[in-house]
Amino acid sequence: MRIVNWDRAGVSVPAALVDSGDGDQLVDLSGVAASTLELLTDEGALADARAVVDAADPASLPARDGERLLAPITPRVLLCIGYNYRGHVVAGGEGQPDPEHPDVFVKTANTTLGPDDAVVLPPQSDDVDYEGEIGVVIGRTAHAVSAEDALDHIAGYTLVNDVSARDWQNRTSQWTLGKCFDGFAPLGPAVVTADEIADPANLLVEVVRDGKTTVSQSTSTLIFPFAEIVSYVSQSITLQPGDVIATGSPQKLEDALREHRPLVDGDSVLIRVAGIGELTTRFRTAD
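No experiment lies behind these values; they were computed from the predicted model shown. (Residues numbered from 1 in each chain as written. Predicted model: local features only at pLDDT ≥ 70, side-chain atom pairs only at ≥ 80, totals over all residues. Heavy atoms only, no water.)

Asker: Break down the side chain of T158 for me, with residues and values.
Answerer: Looking at where T158 falls in the secondary structure, it is placed in strand β11 (residues 154-161). At 3.3 Å, the side chain of T158 forms a polar contact with the backbone nitrogen of G188. One polar contact links the side chain of T158 to the main-chain carbonyl oxygen of A190, over a distance of 2.8 Å. (Helix = DSSP H or I, 4+ residues; strand = E, 2+ residues; numbered from the N terminus. Polar contact = N/O pair within 3.5 Å; in protein donor to acceptor, adjacent residues only side chain to side chain.)

Asker: Break down the environment of T108 for me, with residues and values.
Answerer: Mapped onto the fold, T108 is located in the loop between β6 (103-107) and β7 (112-113). With a relative accessible area of 33%, T108 lands in the partly exposed category. Within polar-contact distance, the side chain of T108 engages the side chain of N110 at 2.5 Å. (Buried < 20%, exposed > 50% of the residue type's maximum accessible area, 1.4 Å probe, protein only.)

Asker: Any details on the pairing of strand β19 (residues 277-285)? Residues and values, ideally.
Answerer: Where strand β8 (residues 119-121) and β19 come together, 3 bridges link them in parallel fashion. Note that in β19 the partner of L121 across the bridge is T285. Judged from the 6 bridges that link them, strand β18 (residues 268-273) and β19 form a sheet pairing that is antiparallel. Paired with L270 across the bridge in β19 is T280. Linkage of β18 to β19, two consecutive antiparallel strands, is achieved through a turn of 3 residues, within which G275 is found at a positive phi near 95°. (Pairing = 2+ DSSP bridges.)

Asker: So what's going on with the nonpolar core? Which residues, and what values?
Answerer: Membership of the largest hydrophobic core comes to 45 residues, with the highest contact counts inside it found for I134, Y157, V230, L239, I245 and I276. Those elements that place two or more of their residues in this core are β5 (78-82), β8, β10 (132-138), β11, β15 (204-209), α6 (226-234), β18 and β19. Looking at this core element by element, the count peaks at 5 residues for α6. Beyond its immediate stretch of four places on either side in the chain, Y157 contacts I134, G135, V136, L151, A190, V191, V192, A194, I197, P200, F226 and I276. Listed in part, the 27 residues of the second largest apolar core include I3, A33, L40 and L78. (Core = buried A, V, L, I, M, F, W, Y, C linked by side-chain atoms within 4.5 Å. Contact = heavy atoms within 4.5 Å.)

Asker: Got a sec to walk through the pattern of salt bridges? Specific residues and values, please.
Answerer: The tally for this structure, following the rule as stated, stands at 21 salt bridges. Put simply, D117 and R68 hold a salt bridge, and the shortest N to O gap is 3.0 Å. In this pair, D117 is assigned in the loop between β7 and β8 and R68 in strand β4 (residues 68-70), connecting sequence segments 49 residues apart. Linking R209 and D210 is a salt bridge whose minimum nitrogen-to-oxygen distance equals 3.8 Å. A residue is classified by how much of its surface remains accessible, and R209, at 6% relative accessible area, is buried. (Salt bridge = Lys/Arg side-chain N within 4 Å of Asp/Glu carboxyl O.)

Below, the structure is given as structure tokens:
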């Protein structure tokens, strides 16, 4: 199931996206659960939601186009993994060796943004960049779990644009300020429940900037697969339902690396992963 957070006349409503064959439509699930988090953590509520979706009359459903979606989940914490796809290079074009352990950093709560909202380019930065990633959404409390058990703690998957102000990020050894400008983590549009993803180790992550593919790489090349990431992080941080881990960005293709251009007003970046969906982020200058 594709679970979304629908801005219905100014009220946040849990809903599902369904494919009508002529575009996605929305099924209101507010009669089943109070929030998307409840759907992702309560098996009974999720079963009831599936029944509502199955019984819905497509002719009566509103089209997703023209409706505003909010971030499908508001994470207590958004953790991110750096250098997690083989082939990643550092500034200057040198190959990045596989790290011994996952390189974990945090995006703060102010970064979360809905899939239909534009990222406002901060005037303080001259080098804002994008990174398309898969986010795992925690569904069960995870403390010191094994890699063998870790996937059982994942409720679903979403898409994350890890927007970064490279000039601020590179000022110091700590990336926090460069990663945490307001709105620097668009999420969504949906959380796809884990049962819909047959093989999370074989997903193609593609990113398209203004019509040109800049990223195309499979999760089969992850240094630390999803289960290992959840297990490793849970040794230190007790993960709670609704927490999100952005699992890393594939390396940009050679042309995109060579022609690096900071994002500017009017740019659009699409992240696409079959089975999880598409997240399109627009960028604009501040008013």
